[in-house]
Structures are given as C-alpha cells and as structure tokens.
Amino acid sequence: MNHISIVGIDLAKRVFQLHAVDPKGRQIFSKKVSRSGLRLTLAQVPPCRVAMEACGGAHYWAREIQALGHEVQLIPPQYVKPFVLGHKSDARDARAIAEAAARDATPRVAPKTLEQQALQAMHRVRSRAIANRTALGNELHGLLAEMGICVAKGHSVFRQGEVRRLLAEHRAQLGDDLFVVLDDVLDQWLSLDARIHAYDQRLARLARATPVCRRLMSVPGIGPVNATLLASHIGDPKRFANGRSFSASIGLVPRQHSSGGKERLMSISKRGNGEVRRQLVHGARAALRAFQCQQQPDRLARWACALAARRGAAKATVALANKLGRICWAVMVRDTAYATTP
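For the structure given in this document, a descriptive report is provided here. (Residues numbered from 1 in each chain as written. Predicted model: local features only at pLDDT ≥ 70, side-chain atom pairs only at ≥ 80, totals over all residues. Heavy atoms only, no water.)

1. Some words on the layout of surface pockets
For step 1, the next point in the chain: As a volume, the largest pocket reaches approximately 1200 Å³.
For step 2, the next point in the chain: What lines the largest pocket is a set of 35 residues, among which Pro-76, Val-109, His-233, Ser-249 and Gly-272 lie closest to the centre.
For step 3, the next point in the chain: Elements with a minimum of two residues in the lining of the largest pocket: helix H2 (58–66), helix H4 (114–146), helix H11 (243–249) and strand E6 (254–256).
For step 4, the next point in the chain: Class assignment for the residues of the lining of the largest pocket results in 15 nonpolar, 13 polar and seven charged.
For step 5, the next point in the chain: Approximately 370 Å³ is the volume attributed to the second largest pocket.
For step 6, the next point in the chain: Contributing to the lining of the second largest pocket are 14 residues, with Pro-254, Ile-268, Lys-315, Val-318 and Ala-319 lying nearest its centre.
For step 7, the next point in the chain: When contributions to the lining of the second largest pocket are tallied by element, the ones reaching two or more residues are strand E7 (265–268), helix H13 (299–311) and helix H14 (313–334).
For step 8, the next point in the chain: Among the elements that line the lining of the second largest pocket, the one with the most residues is H14, at six residues.
For step 9, the next point in the chain: Residues that form the lining of the second largest pocket fall into these classes: eight nonpolar, two polar and four charged. (1 Å grid on protein atoms, 1.4 Å probe; cavity = no way out; pocket = protein on both sides within 12 Å on 5 of 7 lines; lining within 4 Å. Points joined across faces, edges and corners; volume = space filled by probe spheres on them. Helix = DSSP H or I, 4+ residues; strand = E, 2+ residues; numbered from the N terminus. Nonpolar A, V, L, I, M, F, W, Y, C, P; charged D, E, K, R; others polar.)

Next up, the structure:
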C-alpha cells in the first residue's frame, strides 16, 4: 500500500472499480468497492494521485477525495478510451484511467467547486426552459395557423396579450375543446417565460455581487449570462496556457488537417462545452451590431467591422467570439477590467 502512485476509479452509481499501480505502472490491487465503502478504502491509502473520468458525479467525488488528502485528476473520457485493452469492462476501464493519468500529456479537467456547479446547474435549467418555451411557441403558432389564424413572430405577442385576444375573438370558430387546449399551451408558455425571467434576474444579481463577473461584464458582448457562465466553466484560468488554449477548449478555433508541411485550416472544431461556445457567439453577434452603430469605434470595433465587410457578418461573428473568449481569459488572469484601445 505504501508504494501506490496512482489509483484509477471507474465511477458508477453503487459499485466502483479501483485499480492501483506503483510508480513503474505495476498493479498493486484491483477491486470493487461499494459507494459507502469508497471513502473508507481511500482513507486507508497513503496520499497519491487519484484519477477519474470527468463524468456525472465526478466533481462531487473529486471534492470528497481531495478532503482525504489525495491529488485528484479528472480526465475527459475521449482520452481514456484509447487505453482500454480488449472488450469493455469495469476493471479494464479503471486500468485505462490509471494508464491515462500516468501520462503528463493527457488533458485534465479542473474539479469544480460547489458554487461553480450551482451556477452550471442554473444555466442548464435555464437553457432547457428556453428550449421548451421555443417549442411551445412554435406549437401554438402551428395550431393557430391550422385554423387560419396568423400570429406575428416574437415574444411580445404572447406577453402583451395579443394571442389571448385572438383566442377569445375566434373562440366560436375554434370550438370549446380546441380553445381549452390552446389556452393551456399559452398558459404554459407564459409560466416558462416567467421562470426564465426569474433566472435572468438571479444571474444578474450574482454577476453584480461577484468581482470576477463584474470585470468580465466590462468586455463588449459579455452580460450577466455570459459572465456567470464563463466564471462557472473556466474556474482557475491559469490552467490554460494562454487565451488561444481556452478558445480551443470550447471549439472556437479552426480544425487543422495538415500534412507534408502544408497547413490546412478548416471550420471551427466545435469541441468542448457547447453552451459556453453558443453564448459567446450570441454575445459576439450583439457586440458586432453595436460596433456597426458606433460613431467613434475603437480598435476592436474597427477590426470586427472590417472583417464583416470583407468576409460577411456570420464569419465575423464567430471570429469575434473567438477574440472575446481570449479577452475574457486575459481579464480573469490579470484581475483587471477590459480597457478599450483607440
């Protein structure tokens, strides 16, 4: 037990597989433990490196195992898969995790704090509510169109009572049964809209109360949603070597297919956290519209507007999102607000 260097853990709901190796990679033990027995087993192991896949429950167990004095490393599952020998099993998965953790070149995921996970959960529930609201709105538009009632686009027709007025006006045409169904769908839409608004207000309060979020909001195109999302995702920004490494981690840099000394850059890779990438693109789109209306644009605005004129607004938006990601990384590393450059 005193020669254990790495313990690989294949996480599950109730039964966990452990695989321990010495500094030379030789197996010390391989066994299954119950959920309740995991802490007791690791408490008897001298301080060492404990590796797990970055999956459901991994961040919780990372905090629990760190409290026992171990060094915890979370590895993305796609970098563990090549080390699985033969057919898949829990024992082979745990062994693959230990082998992947022994290589310094294997990327790691920083364990999240409880506060970061709470912010992440809020963003996920908000995104799901927005998707459901959009689906309900489209459903209501379609059902009304089937009855010859055309409703304007946008959320204002739902919020300002225009759809409710149309339902009451055409009640005789719709019939009681269909009227009740459409009225219920409208109530669901309004309920979701109120919940999303409540989440937005809570995120705004959290952003104003958090120093790092206030600094992030000084960057063009970064509001409370983006600021809190970036703070929960990045965690310690110093784990990235530079701003480009952060942009690459969320898939905002071009894919590369180079050979024979010839570099070939393709479309963006779309790796990493899709929600962070999507929100940065939304923020960049809003920033580009604001830049195009400025009377005295700064250096960033001039670059973005020139790129939009040369390559189109869509490509300029993604390029600006890449640049905003790098700027946000620099703001977090340097603990300073964004300053415009003439």
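2. Examining the sheet that holds strand E4 (residues 49–53)
For step 1, the next point in the chain: If you trace the five strands from one edge of the open sheet to the other, you get E3-E2-E1-E4-E5, paired in mixed fashion. Because the sheet does not close on itself, it has two edges, and the strands there are strand E3 (27–34) and strand E5 (71–75). Averaged over all pairs of adjacent strands, the angle between strand axes in this sheet comes to 20°, irrespective of strand direction.
For step 2, the next point in the chain: As defined by bridge partners, strand E1 (residues 6–10) adjoins E4 across four bridges and the pair is classed as parallel. Residue pairing for E4: Gly-8 is matched across the bridge by Ala-51.
For step 3, the next point in the chain: Along the sheet face, helix H3 (residues 90–101) touches E1, strand E2 (15–21), E3, E4 and E5 and points at about 140° away from the line of E1. (Pairing = 2+ DSSP bridges. Axes fitted to C-alpha atoms, helices over the stretch in contact; angles between N-to-C directions. Contact = heavy atoms within 4.5 Å.)

3. Some remarks on the pairing of E2
For step 1, the next point in the chain: Most of E2 is tucked away: six of the seven residues are buried.
For step 2, the next point in the chain: Where E1 meets E2, five bridges bridge the pair, whose relative direction is antiparallel. Residue pairing across strands places Ile-9 opposite Leu-18, the latter belonging to E2.
For step 3, the next point in the chain: Between E1 and E2, which pair antiparallel in sequence order, lie four residues.
For step 4, the next point in the chain: As paired elements, E2 and E3 share seven bridges and run antiparallel to each other. Within E3, the residue paired with Leu-18 across the bridge is Lys-31.
For step 5, the next point in the chain: Count of turn residues in the E2/E3 antiparallel hairpin: five residues, of which Gly-25 carries a positive phi of about 85°. (Buried < 20%, exposed > 50% of the residue type's maximum accessible area, 1.4 Å probe, protein only.)

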